[in-house]
Amino acid sequence: MNYPIWDVAFGAGLLIALVAGLHVFVSHFAVGGGLFLVLTERKARRTNDTALLNWLKSHTKFFVLLTVVFGAVSGVGIWFTIGLISPTATSDLIHIFVWGWAIEWVFFFIEITAALLYLYGWDKLDPKLHEWYGWIYFIAAYASLVVINGIITFMLTPGSWIDVHKFWIGFFNPTYIPSTFFRTAICIALAGIYALITASVQKDLDLKARIVRWGALWTVPALITLPLFGWWYIRKIPAVLFASARGPMPTATHYAFLAWSLLVVTFVLTLWALLRPRHLHLAFALVIALVALGAMDSFEFVREDVRKPFVIENYLYDNSLYAASMPGDGGFTIDNLNTVGVLNAATWVQHRAVTPDNQVAVGREVFRVECQACHTADHYRGIHQLIEQRQWDPATVHAMLSGLSLMHNGIMPPFAGTDAERDALAAYVNSLQTITPNPATFTDGKLVFENNCSMCHQDRPDDMLFTGLDPNPKVAADSLKDLTSLFPLMPDLKLSEAQRTSLVRWINTQRPASQHAANQPAANRPGTAPEGGN
Amino acid sequence: MINPSMVPTLDPNPLPAPYWVFKLLLLVTFFLHMLAMNFMMGGAFMALAARFGSKSSQYRNRIFIDVAKKIPTLLAATITLGIAPLLFVQVVYGQYFYTSTILIAWPWFFVLILLIAAYYGFYFAAYKGKRRPGAAGFVLLASLALVLFIGFIYSNNVTLMQVPSHWAAKYFANPSGWNLNLSEPTLIPRYLHFVTAAIAVGGILLVLLALARWKHDREYARHLFRFGGKAFMYATMAQFLVGMWFLVSLPRDLRMLFMGDNTLATVLFSAGLLGTVAAIFLMSDALRKDSIRVAAYGVTGLTAFIILTMVIMRDILRDAYLEPYFHPHQFPVHTQWSIFPLFLLLFLGGVVLWLVMLKRYGLFTSTKPTEL
């Protein structure tokens, strides 16, 4: 709201995913592939393998055309895109880490020059000098990874930087070292996988087999180390954050599953290629690459997802509000917005007050500045689909806006603003409804749970909803009348009697009998109040 | 009520070095970026002019291929040298830069796609120019059109970031990023000013190629020299008209900066004008006397000097546009002494290593081939 929001109907976040998702797959190859080039050249020269050397020349061309063009431009592209979508975070990161980026640029400059000289020098330079360019290329490329890794890991685990604001404390943050190892292994694995692609089109089958075996020698051991480094990496992420990927947050959980399973598939496919190295087909090599791309991007998505609702953990929310007040925050904090209101605090809004006539229009603006960093109205993470799928009526929508920060292991920032602005946001969200929900008639307890409780509670016996509810079904159902009295941070949801009764009945089928009285009508059991009330 | 300026506030993190350090780095790296960009874009113009416009059937394709082979490397240099000023402009002018990019978000985003397409097109022309000069010519033309459009998008962004008072109306009329800055009166002359300069520098590229071939292939080298030298002269003469148009399109108070109101701007403007006139005469003289060294060293050096004056004038103009909002003393500064010297060290080391790399490749010795 300090900066204008780029209003992309299908979700601007998808553009970051597209650009960054493709970039990482090429940039890690650019690092590992550099080492691959120079070691393969040395191997070919030592064994006088002219065929391998000739293949390596064409592989170098493929390497340079992919990394220097697409890799470099898409790298700049990430920067272009984050500046468009998260200008506040980009500005913060640049002011904190500009010298890191400037150093990375020096390495990048050396890297590109060395890559071009290595390519053009194949037929011109003596072998030793040619390999010298290869080594310079690889060292510079790896150094640029080592630098940028400090900034990326900082965003997830800034550690004590939050208190001391020192460059090196932020740079060598808790996940820096495991992430460096993890990404190094990815680089080496990808070097082998890309080699399979250019090997697969070789007509000399002996040569093809030699390259496939040599490439697999890079990929297979590197893939084996990945779970180990991954485990180390996860251990350094605060458990409460990584918990999101263990169930409470659907996207992180799915991507975590995908990352591990696609890693295994990559491993199996590479072994398969190794079994019949003379028969490796281009299509098969591309499938291996695509699966590896899926595994890698899934990992990156998990890393980004468990950080939510922050873009810089514990410092800056995804919607560009600061987690705590500090000098120079410009008033862009939850507390300040709760006091003065979004319309007063934001720079880039048209409306400055809510009136009965402009409520939906104001809500649209509040949605844009507070929610649109992650959500859209109708498409990616669309609110329209979300509320219709759950059959939320206007009262439910309104109540839910008070409980955002509890949802899915806390992946959303709390709503920030005045009550009138919250009403306006609810009015706008409700205006997206195209159906007439009638949740009061729902009598399927599981559905009631899924539509109203599952955002925060998990369907697990140890969840508070299951352990904390009164054993007596009638008392339990009555206690759900006023949720805020159970726990003040809960949304003030008004479930109908039918909903409450069916919900409690379903909950009791999910928990051990010791935790609840049997699902008998309350009146049949001694010591309970006679039925009455609603 | 919409605040007419809507300038975002600074983020809470102080500048990690004094303001002037970033300003200096911005200007130095932008100057280098401009040199590379001019050679790249001008080179593409020259290659096409040779391919489609040259009357000499003997050299038409030879010049085309000779130049086309250089362009991918020049584009790599343009991009690599462009990253640093992109970084430093965000350090100092982030509030303006991010806002204007968001206003023209889609064109800005498309720069990436256009650039990748142009880049591969240039590589196609470089690799296939010999075997398929016809196709390569058209692909190169398409790539040049793409980089010209990229330059146009940049001009839109840079002119828009200077006028915060225009932002709000533009954004609220179309928050989805489908904007350009076409209503800006300085946009077209400013853009053409840059493109014309690139054409002139393209002429210099041919002169430099002629110098490299002067000993071994005098006849071809002389043809290159004539072709490039004339292109430089005509483009630079045209620049007087385009530059004048740019100057008169500026708001009066800003125009007067270069005519007495600001001493440095006036000195630079005069020096640039004199340098330009001198460069035309020098080139004309060199062509008449067939003196390639005067053209290659004298005119090139003079042109680099003129570009440097332009880069500084451009900066003075930007700060004058932003004068109501932008005051460097507003920046809190907390120099990161634990890392800043390391950057300087690595930067110097990087430059030395870079020169050693070029030297070992044989780029500084004329007896060895210098193909890139």
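Residues numbered from 1 in each chain as written. Chains lettered and ligands numbered in written order. Predicted model: local features only at pLDDT ≥ 70, side-chain atom pairs only at ≥ 80, totals over all residues. Heavy atoms only, no water.

## Considerations on the domain arrangement of chain A
Where the parts come together, the accessible area they lose is often given as the size of the interface.
Residue and element names in this part refer to chain A.
Thought 1: The domains assigned to chain A are domain 1 (13-317), domain 2 (334-431) and domain 3 (443-524).
Thought 2: Its C-alpha centre places domain 2 at a distance of 28 Å from the equivalent point of domain 3.
Thought 3: In this complex, domain 2 contributes twelve residues to the contact, which on the side of domain 3 involves twelve residues.
Thought 4: Contact with domain 3 buries surface across domain 2, with Arg 390, Met 400 and Leu 406 losing the most and accounting together for 48% of the total.
Thought 5: Connecting domain 2 to domain 3 are zero salt bridges.
Thought 6: The tally of links from domain 2 across to domain 3 stands at three residue pairs in polar contact (both at pLDDT 80 or more). (Domains from an automatic or database assignment. Contact = heavy atoms within 4.5 Å. Buried area = accessible area lost by both parts, 1.4 Å probe. Salt bridge = Lys/Arg side-chain N within 4 Å of Asp/Glu carboxyl O. Polar contact = N/O pair within 3.5 Å; in protein donor to acceptor, adjacent residues only side chain to side chain.)

## Observations concerning the side chain of Arg 368 of chain A
Thought 1: With respect to the helices, strands and loops of the structure, Arg 368 of chain A is situated in helix 14 (residues 359-370).
Thought 2: A polar contact of 3.1 Å, which involves the side chain of Arg 368 of chain A, links it to the side chain of Asp 7 of chain A. (Helix = DSSP H or I, 4+ residues; strand = E, 2+ residues; numbered from the N terminus.)

## Brief notes about helix 3 (residues 87-120) of chain A
All names here are of chain A.
Thought 1: An ideal rise of 1.5 Å per residue puts 50 Å on 34 residues; helix 3 reaches only 39 Å between its terminal C-alpha atoms.
Thought 2: Maximum bend of helix 3: about 80°, positioned at Phe 97.
Thought 3: Along helix 3, 34 of the 34 residues are buried, which leaves the element largely enclosed by surrounding structure. (Expected span 1.5 Å × (residues − 1). Bend = angle between axes of the 7 residues up to and from the residue. Buried < 20%, exposed > 50% of the residue type's maximum accessible area, 1.4 Å probe, protein only.)

## Quick look at the pattern of salt bridges
Thought 1: This model, assessed by the stated rule, comprises 25 salt bridges over all chains.
Thought 2: Here Lys 474 of chain A ties to Asp 478 of chain A by a salt bridge, and the two come within 3.0 Å at their closest N and O atoms. Here the residue Lys 474 of chain A and the residue Asp 478 of chain A both occupy positions in helix 20 (residues 473-479), the gap between them amounting to four residues, near one helical turn.
Thought 3: By relative accessible area, which is 18% here, Lys 474 of chain A ends up buried.
Thought 4: Asp 285 of chain B is the partner of Arg 288 of chain B in a salt bridge, and the nearest nitrogen-oxygen pair spans 2.9 Å. Taken as a pair, Arg 288 of chain B and Asp 285 of chain B lie in helix 10 (residues 263-289) at a separation of three residues, close to a single helical turn.
Thought 5: Shared partners join several salt bridges into a network, and the residues in it are Arg 183, Glu 300, Arg 303, Glu 304 and Arg 307 of chain A.

## Re the interface of chain A and chain B
Thought 1: Between chain A and chain B, the contact holds 76 residues from the first and 74 residues from the second.
Thought 2: Approximately 7000 Å² of surface area, both sides summed, lies buried where chain A meets chain B, with 75% of it carried by carbon and sulfur atoms.
Thought 3: Between chain A and chain B we count zero salt bridges in total.
Thought 4: Taken together, the connections running from chain A to chain B amount to 19 residue pairs in polar contact (both at pLDDT 80 or more).
Thought 5: Put simply, the parts of the chain that give the side of chain A that touches chain B at least two residues each are helix 1 (13-46), helix 2 (50-85), helix 3, helix 4 (127-156), helix 6 (167-171) and helix 14 of chain A.

## Here's the deal with empty space enclosed by the protein
Thought 1: For the structure on display, the rule yields nine cavities of 30 Å³ or more.
Thought 2: In this structure, the largest cavity spans a volume of roughly 780 Å³.
Thought 3: Lining the largest cavity are 37 residues, with Phe 30, His 33, Met 34, Met 37 and Tyr 154 of chain B positioned closest to its centre.
Thought 4: For the lining of the largest cavity, the elements supplying multiple residues, two or more each, are helix 2 of chain A together with helix 1 (19-53), helix 3 (71-103), helix 4 (105-128), helix 5 (133-161), helix 7 (187-213) and helix 11 (292-321) of chain B.
Thought 5: The dominant element in the lining of the largest cavity, judged by the number of residues it contributes, is helix 3 of chain B, at nine residues. (1 Å grid on protein atoms, 1.4 Å probe; cavity = no way out; pocket = protein on both sides within 12 Å on 5 of 7 lines; lining within 4 Å. Points joined across faces, edges and corners; volume = space filled by probe spheres on them.)

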